[in-house]
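Chain by chain, the residues:
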Amino acid sequence: MASAWDSSSAGSISSAFVAPHDILKEVNVFLCGATCPGKVPVEHLSQTALLLLQKMPAARHAVLEHFCNVFDEAAGAYIKQTDGDHKSEELGDRGQSQYSALQDVTGVLLNFINTNPEAWAPIVSSWSLNLLGQISSKYCDQQGMAMSASLNEALQLWMTCPPTKLLMELAIECFATMVGSAPDVCVDALLEASVKFSPHFDWVVARVGSCFPTTIITRVLNCGLKDFCNVGKGLSDRDPGARKKIPKMASVVGILGHLASKHRQDIRKALMALFEEGLQSDGDAVRVTTVPFLLQLASMSPMLLQVLTTDLVKALTPSVLNRLHHQFSGWKMSNPVDYNSFLNLVVHLLGKCDIGAFDILNFMIITAVPSLRGSVPEESVTEAVQDTCVELIHMLLFELQRSVYGKRREGTLWEMPLLEGLARETERLVQLLLTSAESSGLPWIEKLLIFTAVHSGESCAAKILAAVIMQASTPKQLSLYFHLQENMEKSLGNIARDTLNNVFGAISAVTELPQLVQMLRNFERVILGEKKRARLLTALSSFLLEAMQKELGKLSDILLHPNIEVSMCGLRLLETVGVPATTEMPVLTCLSASVVLVLFNLLWEGVRQRRAGIAKKPRFVGYQRGVGLCHSCLRNLSQHTFTQSLLLQYLLQGAIHEENAALFGGKPPEVSQTRQSEVSLLKENCRFGLSMPLPRTHASVFHAGVIGQGLKPNPPNVTMQKEWVLCHQETLLEAIWSCSQDAAASHLVKDSTSTPAKDARSPMRLSSMMMLPKMSDVAARTLGCALVDICTMDTLYNDVNWPDPEFCKVTLERDLYVWKMTEDHPVLWSILRAASGSSVFLYYCSPLMKSLMARVVSALEVSRVRKLMDLPQLFERASWIVTILSQGKFIPPPLSNICELFPHVSPYEGYLLLLSVWKFIKENPPTLNKEGVAQRCEIGHLQVLRTVLNSNIDMVGHLYPKIFDT
């Protein structure tokens, strides 16, 4: 320690002999200077005081009191100087002499402490601490000191004051000498000073504690426990006199609070060590009061409460709990009032827990209901301990209910740290709720979740409800959703919108497929449950269903998921929710495209399952249900006229798309050649440049690269069985019908005229011939126009009226294009045949029928085979064309029956028959007016028919009554 009086100078004065009369003379000088300021010079008075301090031990109290005034005066002068009222030069000789005297006395006292610590360290420690407390309290209102807003600022200001710095050196030196021999003495002195001069003394405690953290923390806790045991009563946190009965408690809390910033781990270890010592102690008083003492500390300091909640809960094993109950049993019987106060204190502290709130409540619930514990411990808690935990849980829930609903009615904000901490752990709390769905702890966790939601607001409530939907794995667990929702909405109102956002946010974040499917199924069941409850209880509304109807666009991502099972979950959701009339057009467009895409994906999934040989297993049944769901969703979407047109367009375009054409018997897509790796022309020319260029050869010119990529690869062999193709075509037709009809219709109607004939090559042998029920005029017009747009190159000759047959020479290219489209995509024929019952549809498809008829007529005209049946393709197409025209009322009987003659006539005769049909349609153009349709043919249109009949009377005579309806 640097001072004017070092140990050698102090030793020289101490060793010099002083006569008794000289000592008496010095006493008189000291008394004169101390009682009459100014009579004795300051330096001389200080030397006299130091002499008496060394040679006359009985005078130490008076001398130390004198130096108290010197330190106080010097500190006051320094503080005035820092305030700016005085300049440093204004201190004068008196200030310099005071500071010199302070250094001298500090050196003497340090020498005493080093030479005789047992005698001097306690005296100097108490004197220096009390003097620091007096100075701190006296000058706390000065401008320079009052501006310090924190403990660190106050510590920095006081440590720059020379007098207080010297006193702090003395105090620290005393602690250093006594910390090994008599730590309780120094700690008691520090606590007493802290109680007396707090809060102005806090900086002293912080400084001393930072120098001896382990010792100070341990001894402060021991001293506080000793004083707590002596006072012994009044443990209730609600008792206003409890803390007054324990004056050192506030000081202990303050000291530990100052040390927590840098020595938190030391405090943690000391608290747990004190708890362990209390368990192992032989004294009943210590064993009974250790836990209440720790809880009392926690009630006075959030920091200590956090330490205890994180460490003490981990230390409370079943064996420790049983031992604590055994130790407290006697005190409980003898002091029931104090025991109840102790329980109230525990409940009060639980309500103040913020960090680790879930861990604490989980510990209490598992202790009360051991069956919820995942693993079986070596030792289980007794029934008495379980009953105590149950009692604490009930008390806590009562307090939470009273606080949450009481303050909410009053309209005031009320901080509840426990519920705020649980609001950050809602997912873990929900998981505990679902785990305890079959146990007695279920009502407790439900109430905790409800209180947390009501206290934290709508966002927290929505997060809890969404977590239940996301984590539930059984119907029993999922049923908890409705109970929570009902109680939350009583206080918070409609929270379905926020719940929906949380659900879809969780769905988008899930990466594991089984978990995603389970979430979507849970969500569907919740909506179904809400609808059922709303039907049974008319006063209730299906809030989640209403919110989902406003957010239908969120289903698009689910429908477009690469996994077909997830897409089916999206279909079920869409079917359950429905499509309200207020849905916006962008949403309808997106949903329409998504559902159509799912339908084609399902068809490909069916192909994969058939090839895998599982066509009769439950998984294939699931595929069939998925197709039915698609039809149902299409039916719901098509209730909007705008969407109906979109769906028909998407279905037709998807059916002829190269990726889906093979499903319906169409031509598979051509395999594009894999593009060769890019070749750098610069590198190629550099390579050629390394060789000797020969004149008049390719080496003498610039290399421009290789043209082409070789032979085209063979087309892929996509084998699709005929029955699969027919099944897919029927599925597509049913989808088209679903988009064209009201929801009242429920099945396809088989055409009565499509009964298979005995002849294997009969045009009516197609058992897959389907006739759609009556379509709406709007749907028929949309479907017809869409077919024409897809199958024709342009709109130049898309007139519904039929020209002269000779005009086909002009439209030859167009007719060939239409013919190629229908041959590459047989599903177009199926659509024409199935929808031909609608005259409106066939009216708008008239350009297609004209082109198809033109190609058949031109091919038959030049054919030289004996029988039309020897041309199976033309024979079939001609029969289809006549059937389609007759179904659409374009031609009446008997022209509508000429297909009965095709198996028996030659190609040229077939050409003549079709030409008579063409001429009839030309003279009787297609019309949307049903009254304008001709009911019978005129004589002129039947001459060819009669001639053909007469020419083949031996083979077709029996058909005469059927053809002419006679």
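What counts, and where the lines are drawn
Residues numbered from 1 in each chain as written. Predicted model: local features only at pLDDT ≥ 70, side-chain atom pairs only at ≥ 80, totals over all residues. Heavy atoms only, no water. Axes fitted to C-alpha atoms, helices over the stretch in contact; angles between N-to-C directions. Helix = DSSP H or I, 4+ residues; strand = E, 2+ residues; numbered from the N terminus. Parallel < 35°, antiparallel > 145°, perpendicular 65-115°, else oblique. Left-handed = near helix turned anticlockwise from the far one by under 90°. Contact = heavy atoms within 4.5 Å. Nonpolar A, V, L, I, M, F, W, Y, C, P; charged D, E, K, R; others polar. 1 Å grid on protein atoms, 1.4 Å probe; cavity = no way out; pocket = protein on both sides within 12 Å on 5 of 7 lines; lining within 4 Å. Points joined across faces, edges and corners; volume = space filled by probe spheres on them. Core = buried A, V, L, I, M, F, W, Y, C linked by side-chain atoms within 4.5 Å. Buried < 20%, exposed > 50% of the residue type's maximum accessible area, 1.4 Å probe, protein only. Disulfide = S-S within 2.5 Å. pLDDT = per-residue confidence, 0-100.

Packing of helix H19 (residues 357-368) against helix H22 (residues 426-435) leaves a shortest axis separation of 11 Å and a crossing angle of 15 degrees. When the axis of H19 is compared with that of H22, the two are roughly parallel. Considering only the axes of H19 and H22, their crossing is right-handed. Between H19, through Phe358, Asp359, Asn362 and Ile365, and H22, the contact on the second element is made entirely by Arg428, Leu429 and Leu432. Its residues assigned to classes, the contact of H19 with H22 shows 4 nonpolar, 1 polar and 2 charged.

Over the atoms, a rolled probe matching the size of one water molecule traces out where space is still vacant. Under the definition given, this model contains 2 cavities of 30 Å³ or more. Quantified by volume, the largest cavity comes out at close to 700 Å³. Looking at the largest cavity, it is lined by 29 residues, and the ones nearest its centre are Leu316, Leu321, Phe342, Val346 and Leu392. Among the elements of the structure, helix H15 (284-300), helix H16 (302-315), helix H17 (318-334), helix H18 (336-352), H19 and helix H20 (383-410) are those that each provide at least two residues to the lining of the largest cavity.

Grouped together as the largest cluster of nonpolar side chains are 299 residues, with contacts concentrated most on Phe275 and Phe902. At 14 residues, the largest contribution of residues to this core is made by helix H14 (residues 247-280). Apart from residues no more than four positions distant in its own chain, Phe275 is found in contact with Thr290, Val291, Leu294, Leu312, Ala315, Leu316, Val320 and Leu324.

Looking at where Asn322 falls in the secondary structure, it is placed in helix H17. For Asn322, the residues in contact, after removing those within four places along its chain, are Glu379, Ser380, Val381, Thr382 and Val385.

This part covers the packing of helix H32 (residues 585-611) against helix H36 (residues 722-740). The description of two helices packed together rests on the angle between their axes and the distance between the axes. Direction vectors running N to C along H32 and H36 enclose 160 degrees, while the axes themselves pass 11 Å from each other. One finds that H32 runs roughly antiparallel with respect to H36. Here the hand of the crossing between H32 and H36 comes out right-handed. Contacts between H32 and H36 involve Leu599, Leu603, Val607, Arg610 and Arg611 from the former and Trp724, Cys727, His728, Thr731 and Ala735 from the latter. A class-by-class count of the residues in the contact of H32 with H36 yields 6 nonpolar, 2 polar and 2 charged.

On to unusual backbone geometry. In this chain, Pro893 is followed by Pro894 through a cis amide linkage whose omega measures 0 degrees. Looking at where Pro894 falls in the secondary structure, it is placed in the loop between helix H42 (872-887) and helix H43 (907-923). Phi at Lys889 takes a positive value of approximately 65 degrees, unusual for a residue other than glycine. Locating Lys889 in the fold gives a position in the loop between H42 and H43. Its relative accessible area of 56% is what places Lys889 among the exposed residues.

Below, the discussion takes up the state of the cysteines. By the definition in use, this model includes 0 disulfides. Here Cys791 stays unpaired: no disulfide links it, and the sulfur of Cys845, its closest cysteine neighbor, is 8.3 Å away.

Within the element layout of this structure, Ala315 appears in helix H16. Spatially, the C-alpha atoms of Ala315 and Glu276 are 9.3 Å apart, while their sequence positions differ by 39 residues. When residues no more than four places from it in sequence are discounted, the contact partners of Ala315 are Met272, Phe275 and Val320.

Caution is warranted with low-pLDDT regions, since their predicted coordinates should not be read in detail. Confidence along the protein chain averages 79 in pLDDT terms, with 79% of residues attaining 70 or more. Confidence, read as mean pLDDT per element, is least for strand E1 (residues 749-750) in the protein chain (37) and greatest for helix H41 (residues 846-861) (93). Scored below 50 in pLDDT, residues 86-92 makes 6 contacts in the model with residues more than four places away or belonging to other chains. This model gives residues 743-769 a pLDDT under 50, and the stretch forms 48 contacts once residues within four places in sequence are excluded.

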